[in-house]
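Analysis of the macromolecular model
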Amino acid sequence: MMKMFQNSASKAFTWLSCFVLMASAGATQVSAADSKLEVHLVWGTNDEGTSKHKSLEPLLAKKLGMFKWKKYYTVNRKEIALDQDPQKISLSKKCDIKVKQLDEHRYEINVYGEGKHVRKITEKITKEDSLVIAGDDKNDCAWFILIREF
C-alpha cells in the first residue's frame with residue numbers, strides 16, 4: 001500500500017513538474033514576443049525656418065536637451081514587436097537599423113548609413129531608460145535615433 005502511494009505521489013510530482021516547466025516556458029515565449037520598441041529618427045537644428053517634419057513631442061525633446069540644438073523634428077517613427085530573430089527597420093532612404101533582443105531589457109542595435117554599417121551598440125533599454133544614438137549632419141545639424149520600450 002505504501003509503495004503504491006509513493007508511485008502515485010511520484011507520478012503526480014512528475015506531472016506537476018512538467019506542467020510548471022511548460023507554463024514557465026510559455027510565459028517566457030510570451031514575454032519575448034511582447035517586447036515592443038518605439039523608434040524615432042529625429043533631426044536636430046538651430047535653423048529658425050520651418051520644417052516639413054512634425055516637431056518632436058516635448059517629452060522626447062526634453063531627453064535631447066543635453067545637445068546644442070534648439071529644434072527637433074520627427075523624420076520617422078516606428079513601433080516594432082520583437083521575437084527571437086533580429087529585425088531590420090528602415091527609418092529613411094539613408095538610415096536603417098537592425099535590432100536584436102539579447103535578454104529582457106538588453107538589445108543589440110546595428111546602425112547602417114547609406115547601406116554601410118556605421119556602429120554597433122549593446123545597451124539596456126526600458127520605458128524609463130531610452131537609448132539615443134546621434135551623429136553630425138550637414139549645415140550644423142544632427143540626426144538622432146531615439147529608442148525606448150513601450
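To be clear, the structure that these remarks concern was listed above.
Here we summarise the structure given alongside this text.

About the thresholds
Residues numbered from 1 in each chain as written. Predicted model: local features only at pLDDT ≥ 70, side-chain atom pairs only at ≥ 80, totals over all residues. Heavy atoms only, no water. Helix = DSSP H or I, 4+ residues; strand = E, 2+ residues; numbered from the N terminus. Buried < 20%, exposed > 50% of the residue type's maximum accessible area, 1.4 Å probe, protein only. Contact = heavy atoms within 4.5 Å. Polar contact = N/O pair within 3.5 Å; in protein donor to acceptor, adjacent residues only side chain to side chain. Pairing = 2+ DSSP bridges. Axes fitted to C-alpha atoms, helices over the stretch in contact; angles between N-to-C directions. Salt bridge = Lys/Arg side-chain N within 4 Å of Asp/Glu carboxyl O.

1. Quick word on the overall build of the protein chain
Looking only at helices and strands, the protein chain features 2 helices and 9 strands. Walking the protein chain from its N terminus toward its C terminus, one meets helices and strands in the order α-β-β-α-β-β-β-β-β-β-β. Looking at the protein chain as a whole, 31% of its 150 residues qualify as buried. Counting contacts in the protein chain only where the partners sit at least 6 residues apart, residues at least 24 apart contribute 47% of the total.

2. Let's talk about the side chain of S35
Along the chain, the position of S35 falls in the loop between α1 (2–33) and β1 (36–45). Given the relative accessible area of 9%, S35 is considered buried. One polar contact links S35 to Q101, side chain to side chain, over a distance of 2.9 Å. Every residue in contact with S35, bar those within four places of it in the chain, is listed here: I80, A81, L82, Q101 and Y107.

3. With respect to the sheet that holds strand β7 (residues 116–124)
An order of β4-β5-β6-β7 is seen for the 4 strands of this open sheet, with the pairing classed as antiparallel. Either end of the sheet is taken by a strand with one partner, and the two such strands are β4 (87–90) and β7. Within this sheet the neighbouring strands show an average axis-to-axis angle of 20 degrees, counted without direction.

4. Quick look at the pattern of salt bridges
Scanning all chains against the criterion turns up 8 salt bridges. With a closest N to O distance of 2.6 Å, E38 and R77 form a salt bridge. Separated by 39 residues along the polypeptide, E38 in strand β1 and R77 in strand β3 (residues 71–81) bring together distant segments of the chain. When its relative accessible area of 5% is taken as the criterion, E38 is described as buried. On the basis of relative accessibility, which here comes to 39%, the residue R77 falls in the partly exposed class. For D103, the salt bridge is made with R106, and the minimal N-O distance between the two is 3.3 Å. Beyond isolated ion pairs, a larger network of salt bridges with shared partners links E38, E57, R77, E79 and R148.

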